[in-house]
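Each chain, letter by letter, is given below.
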Amino acid sequence: MSNKVYITNDQKAVKVPSGLRILIRRSCNAVLEFEKFEGPAEISVTFVDNARIAELNNQYRNKPMPTDVLSFPLGQDGHYDVDPDTGAKILGDIVISMERAMEQAELYGHPLQREVAFLTVHSMLHLLGYDHEAGGLEAVHMREKEEAVLIQLGLPRTVSYTAEE
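As a starting point, this report considers the structure included with it.

Reading the values: the criteria
- Residues numbered from 1 in each chain as written.
- Predicted model: local features only at pLDDT ≥ 70, side-chain atom pairs only at ≥ 80, totals over all residues.
- Heavy atoms only, no water.
- Helix = DSSP H or I, 4+ residues; strand = E, 2+ residues; numbered from the N terminus.
- Rg over C-alpha atoms; globule rule 2.2 N^0.38 Å.
- Buried < 20%, exposed > 50% of the residue type's maximum accessible area, 1.4 Å probe, protein only.
- Pairing = 2+ DSSP bridges.
- Right-handed = clockwise from strand over helix to strand, strands pointing away.
- Salt bridge = Lys/Arg side-chain N within 4 Å of Asp/Glu carboxyl O.
- Axes fitted to C-alpha atoms, helices over the stretch in contact; angles between N-to-C directions.
- Contact = heavy atoms within 4.5 Å.
- Lys, Arg positive; Asp, Glu negative; His and termini not counted.
- Polar contact = N/O pair within 3.5 Å; in protein donor to acceptor, adjacent residues only side chain to side chain.

**With respect to the overall build of the chain**
Then step 1. Scanning the chain from terminus to terminus reveals five helices and four strands.
Then step 2. When the helices and strands of the chain are listed from N to C terminus, the series reads β-α-β-α-β-β-α-α-α.
Then step 3. Over its C-alpha trace the chain gives a radius of gyration of 15 Å, about what one expects of a compact globule, namely 15 Å for 165 residues.
Then step 4. Viewed in the frame of its principal axes, the chain has a C-alpha envelope of about 40 × 35 × 30 Å.

**Here's the deal with the pairing of strand β2 (residues 41–48)**
One face of the sheet, then the other: side chains in a regular strand alternate in exactly this way.
Then step 1. Most of β2 sits out of view: eight of its eight residues are buried.
Then step 2. Going residue by residue along β2, you find Ala41, Ile43, Val45 and Phe47 tucked away on one face and Glu42, Ser44, Thr46 and Val48 tucked away on the opposite face as well.
Then step 3. Taken together, the six bridges between strand β1 (residues 4–9) and β2 define a ladder with parallel strand orientation. Within β2, the residue paired with Lys4 across the bridge is Glu42.
Then step 4. A crossover links β1 with its parallel partner β2, the connecting element being helix α1 (residues 20–34), and its sense is left-handed.
Then step 5. In the sheet, β2 pairs with strand β4 (residues 89–97) via eight bridges, with the strands oriented parallel. Counted as the bridge partner of Glu42 is Ile90 from β4.

**Focus on the pattern of salt bridges**
Then step 1. Counting across every chain of the model gives three salt bridges.
Then step 2. A salt bridge links Arg143 to Glu146; the nearest nitrogen and oxygen atoms lie 3.2 Å apart. With Arg143 and Glu146 both in helix α5 (residues 136–152) and three residues apart, the pair spans about one turn of that helix.
Then step 3. Judged by relative accessible area, which is 1%, Glu146 ranks as buried.

**Some points on the sheet that holds β1**
Then step 1. Within the open sheet, the four strands sit side by side as β1-β2-β4-β3. Their pairing is mixed. The two strands at the open ends of the sheet, each matched to only one other strand, are β1 and β3 (69–73). In this sheet, adjacent strand axes meet at a mean angle of 15 degrees when their direction is disregarded.
Then step 2. The strands touched by helix α3 (residues 98–108) are β2 and β4; relative to β4, the strand with the most contacts, the crossing angle is about 65 degrees.
Then step 3. Across the sheet, helix α4 (residues 112–127) lies against β2, β3 and β4, angled at about 145 degrees from β4, the strand it touches most.

**Topic: unusual backbone geometry**
Then step 1. In this structure, Pro40 follows Gly39 across a cis peptide bond, with omega equal to 0 degrees.
Then step 2. You can see Pro40 is positioned in the loop between α1 and β2.
Then step 3. Of note, the phi angle at Lys36 is positive, near 50 degrees, even though the residue is not glycine.
Then step 4. Tracing the sequence through the fold places Lys36 in the loop between α1 and β2.
Then step 5. One non-glycine residue with positive phi stands out, namely Asn62, at about 55 degrees.
Then step 6. Tracing the backbone shows Asn62 in the loop between α2 (50–61) and β3.

**Some details on the side chain of Arg114**
Then step 1. By secondary structure assignment, the location of Arg114 is in helix α4.
Then step 2. The buried charged residue Arg114 lacks any salt bridge, with Glu147 as its nearest oppositely charged partner at 5.6 Å.
Then step 3. At 3.3 Å, the side chain of Arg114 and the backbone oxygen of Leu155 are in polar contact.

Geometry only, nothing functional implied.
See the structure below:
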């Protein structure tokens, strides 16, 4: 039984490159594998524009501005609801601003695919309960895991990210 990654494009600002959906699925699977997750798992990924992610960011985090990605974990302390039809654990939702991903890819001088893979891996770790908001060691561990998974995907980091504002 394999993991299910549902991908929806709810934006028209950025053309979704061919192969991006496959890369997102690979990114999700790579994190689950790396974390030795007892699957199968179900994840939903939605592409939005800056206006929409700013709304969500304001609604859920009281930050009325666009951000690159939002994670909505549905699990609590390693416990997940299970989809009765598939038996998969429902991990939650990842919302990516394709506009912001494109801006960051240009800023960092790497392809959009690389940026979206990074955002997906980062969010997947959130869905599995990792957090970096408090900084410190936990943030460092999360960064190390991201790095390890991206290397597995053949996408080593080219620059150091400081995307946290």
